[in-house]
Amino acid sequence: HIVSGSFTGSIFLPSKRTLSVKKKWIGFIAHARGFLVVDDGARQALVKKNKSLLPSGITEVHGSFSANDTISVRDLAGVEIARGVTAYASAEIDVIKGKRSTEAGRLLGRESAAEVIHKDNLVVIGDK
C-alpha cells in the first residue's frame, strides 16, 4: 500500500532537539513535589528564551518541598509549562518570590543561588 501511494496513517518524525537523560528524568519521570506560578515575563523567558527561573518572576508557591526536589512551573492560567529541580525549599521561595536575585541572600541570611531553577535543571514541557 505504501509503494502504491494509497497508504493512510500517521508518521512521527524524530525531533531535531534531543534531551539528555537527566532532562528526560526531570521532565517526564520525576514526581513534582509542588509547583510555582510565574508571571508572563518569566513564562516568556522560560519558554521562548531558554532562560533560568529567577525569583522576580514567581508570584505563588504551592506545596511543601525541599531544595533539590523536582517541581512544576505553571503560568498565570494554571498551565504547566516546565518542570525543574529547585535550588530552594518552598518556604525560602515564599520569602524571595517577586524579589531581585541580588536580594535573595540578604532576605534568607545566607549565600544563595541567583536562580530558583537553573536552565540546566529545567525542562520546558508545554506551550511552546
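Structure report, in brief. (Residues numbered from 1 in each chain as written. Predicted model: local features only at pLDDT ≥ 70, side-chain atom pairs only at ≥ 80, totals over all residues. Heavy atoms only, no water.)

## Thoughts on the side chain of Ser52
Phase 1: Looking at the element boundaries, Ser52 is found in the loop between helix H2 (40-47) and strand E2 (58-62).
Phase 2: The exposure class of Ser52 is buried, given its relative accessible area of 15%.
Phase 3: One polar contact links the side chain of Ser52 to the main-chain amide nitrogen of Lys119, over a distance of 2.8 Å.
Phase 4: Residues within four places of Ser52 in sequence aside, it is in contact with Leu46, Glu115, Ile117, His118 and Lys119. (Helix = DSSP H or I, 4+ residues; strand = E, 2+ residues; numbered from the N terminus. Buried < 20%, exposed > 50% of the residue type's maximum accessible area, 1.4 Å probe, protein only. Polar contact = N/O pair within 3.5 Å; in protein donor to acceptor, adjacent residues only side chain to side chain. Contact = heavy atoms within 4.5 Å.)

## As for a nonpolar patch on the surface
Phase 1: Among the surface-exposed residues, Leu19, Trp25, Phe28 and Ile29 lie close enough to one another that they form a single nonpolar patch of about 440 Å² accessible area.
Phase 2: Residue position: Leu19 is located in the segment before helix H1 (21-29).
Phase 3: Residue class for Leu19 comes out partly exposed when judged on its relative accessible area of 31%. (Patch = residues over 30% accessible without salt bridge, like charges linked within 9 Å, V, L, I, M, F, W, Y side chains within 5 Å. Areas by Shrake-Rupley, 256 points an atom, 1.4 Å probe, with all protein chains shown as cover. Salt bridge = Lys/Arg side-chain N within 4 Å of Asp/Glu carboxyl O.)

## What to know about the sheet that holds E2
Phase 1: Taken in spatial order, the five strands line up as E2-E1-E3-E4-E5 in an open sheet, and their pairing is mixed. A single partner strand is all that each edge strand has here, and the edge strands are E2 and strand E5 (122-124). Each strand of the sheet is rotated relative to its neighbour by a mean of 25°, with strand direction disregarded.
Phase 2: Of the pairings in the sheet, the one linking strand E3 (residues 70-74) to strand E4 (residues 80-85) comprises five bridges and is antiparallel in character. Opposite Arg74, over in E4, you have Glu80 as the bridge partner. (Pairing = 2+ DSSP bridges. Axes fitted to C-alpha atoms, helices over the stretch in contact; angles between N-to-C directions.)

## Notes on the environment of Arg74
Phase 1: Tracing the chain through its elements places Arg74 in strand E3.
Phase 2: Residue class for Arg74 comes out partly exposed when judged on its relative accessible area of 28%.
Phase 3: Beyond its immediate stretch of four places on either side in the chain, Arg74 contacts Phe35, Leu36, Val37, Val38, Val79, Glu80 and Ile81.

## Topic: the environment of Val95
Phase 1: Relative to the elements of secondary structure, Val95 occurs in helix H3 (residues 90-96).
Phase 2: In the structure, Val95 is positioned 71 residues away from Lys24 in sequence and 30 Å away in space, judged by C-alpha atoms.
Phase 3: Apart from the residues lying within four places of it in its own chain, the contact partners of Val95 are Leu107 and Leu108.

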